[in-house]
Amino acid sequence: MAAATFGFPHEHRLGKPADFKYVFEKAEKSADTYLTVLARVNDRGHARLGLAIAKKQIPRASARNRIKRLIRESFRLRQAELGSVDIVVLARSSARLSDGETLRNSLEKHWKALIKRCDSC
RNA sequence: GGAGUCGGCCGGACAGUCGCUGUCCGCGUUCGCGCGGAGGGAGGAAAGUCCGGGCUCCGCAGGGCAGGGCGCCAGGUAACGCCUGGGGGGCGCGAGUCCACGGCAAGUGCCACAGAAAAUAUACCGCCUCGUUUUCCUAAGGAAAGCGCGGUAAGGGUGAAAUGGUGCGGUAAGAGCGCACCGCGCUCCCGGUAACGGGAGUGGCAGGGUAAACCCCGCCCGGAGCAAGACCAAAUAGGGGAGCUUUUGGGUAAACCAAGACGUGUGGCCCGCACGGCUCCCGGGUAGGUCGCUCGAGGCACGCGGUGACGCGUGUCCCAGAUGAAUGACUGUUCCAGACAGAACCCGGCUUACAGGCCGACUCCUUUC
RNA sequence: GCCGGUGUAGCUCAGUCGGUAGAGCAGCACAUUCGUAAUGUGCGGGUCGUAAGUUCGAUUCUUAUCACCGGCU
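Definitions and limits used
- Residues numbered from 1 in each chain as written.
- Chains lettered and ligands numbered in written order.
- Predicted model: local features only at pLDDT ≥ 70, side-chain atom pairs only at ≥ 80, totals over all residues.
- Heavy atoms only, no water.
- Helix = DSSP H or I, 4+ residues; strand = E, 2+ residues; numbered from the N terminus.
- Buried < 20%, exposed > 50% of the residue type's maximum accessible area, 1.4 Å probe, protein only.
- Contact = heavy atoms within 4.5 Å.
- Pairing = 2+ DSSP bridges.
- Axes fitted to C-alpha atoms, helices over the stretch in contact; angles between N-to-C directions.

Once that is clear, we can look at the environment of Val41. Checked against the element boundaries, Val41 lands in strand E2 (residues 35-41). Judged by relative accessible area, Val41 falls into the partly exposed class, the value being 42%. Val41 sits 45 residues away from Asp86 along the chain, and the two C-alpha atoms are 6.1 Å apart. Excluding its chain neighbours within four sequence positions, the residues that come into contact with Val41 are Tyr22, Ser84 and Val85.

Here it is as structure tokens:
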């Protein structure tokens, strides 16, 4: 059961353009200077994650990979608490210069805020 | 010991926990996949996309034109604008290093300003012979100044660049006018596969620069690119074909024409209005998916040939194939505290970025033996 | 990933057989007006994206590099 709680298989990702469109249409939003996090309730019984790290905001490929890994890792550890929602994380240009510790703290904040709001609605 | 040159290599290590993605084996399976185990999982530049190939589709008898590229010689290579060796020139005491290094004595163009003149030459100042006028000195004669016909390329001045350089002779003054040496052209001989080098003779010298100006000569090049291309293929609309249901009239014929019935929608219902054969198959094709997709001009070791790039032979190994896109996170130990940076069809190069470290060869200087 | 284009004054742009770079707007000063705007006259402002090379000489030619923009799903 532990593996199922912390794992990150393919069904837990947003793959198709339609999935992203679904979230962008009507989403709960939480943002700071590093990241913008969008969330919308789904009917799948688990959380799903989509990443939108723009080349325009983060020009270097190695930096984009680093940010995506940090977000996936944080999501993997917290997904059980998030419930049944689709999430899209967008990077902003200041994320390029920030270190891992800063981004992890930022993500923790966003998860908590979204859990609260999705429960209430 | 110090300073330096060249070549090659590395790009944190180890352990534990939680995750991601291919491959192989075993078991289960609702054939979608799931579980367990083993083993693999970014780079020297993966980058820039600047060259060259493979591969795929399109075009194509052959050749030429146009356009583009390359440019000392020889070799290597699948090919190259790359590499190796050699030649010539520049820089450095040296090890070495740098060079788009064919042709302007085929043609055309350009060379601002300055300068007399910027390229068939030419005479501004100057120098000199001769003629002539004036003035001066004691006559013959000479001197100075002006003007004129000429000679001259030594000197001045301009410029980035001025028609071989230096010296001696020579001359009215000068000049390859003559001579010596250097440079240049031509001829011959020798060495070298060649670029080129060396030597001898000969010509008095013909060539300003610019071809990353047009151009000439030699060689090379068809175009597009894995978002290439191939295959499977839902829903909806439309296309083609077959079969079938149905009232009346026209008609050889029930799908050719007209009217009606019937069905659907609107509406509480009727009239009315609008729309409409039904079923199956076929091909194109969108979403989506599969293949292309990694065994290759491959790595490593040894031997042989070659100065070398490289080639040949034998043995051995399988070493990323993702698709919102996989290598990470946390903890601990340790050291010199980790730079530049992330594969996307694949190779060979070039160029650019880069913390720090290791190895080898060689040069110069100083000191000691 | 692939293909193509552009960098010149504060802004928008010109600039060809290589010879010391311009226009409009903006800015400043003066004139005009009681004052402002408009108008007129004058002035300043450029490492020609960066670095090498070719040339006597480069915005222009060549190479490398940096930045920005666009197209292809």
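Here the narrative resumes, following the displayed structure.
The next point concerns the sheet that holds E2. An order of E1-E2-E4-E3 is seen for the four strands of this open sheet, with the pairing classed as mixed. Two strands close off the open sheet at either side, each with one partner strand: strand E1 (28-31) and strand E3 (48-52). Between one strand axis and the next, the sheet turns through 20° on average, direction left out of account. Pairing of E1 with E2 involves four bridges; the strand directions are antiparallel. Note that in E2 the partner of Ala31 across the bridge is Thr36. Against the sheet, helix H2 (residues 17-25) engages E2, E3 and strand E4 (85-91), with an angle of about 95° to E2. Here helix H3 (residues 61-82) sits on the sheet and contacts E2, E3 and E4; the angle it forms with E3, its principal contact strand, is near 155°.

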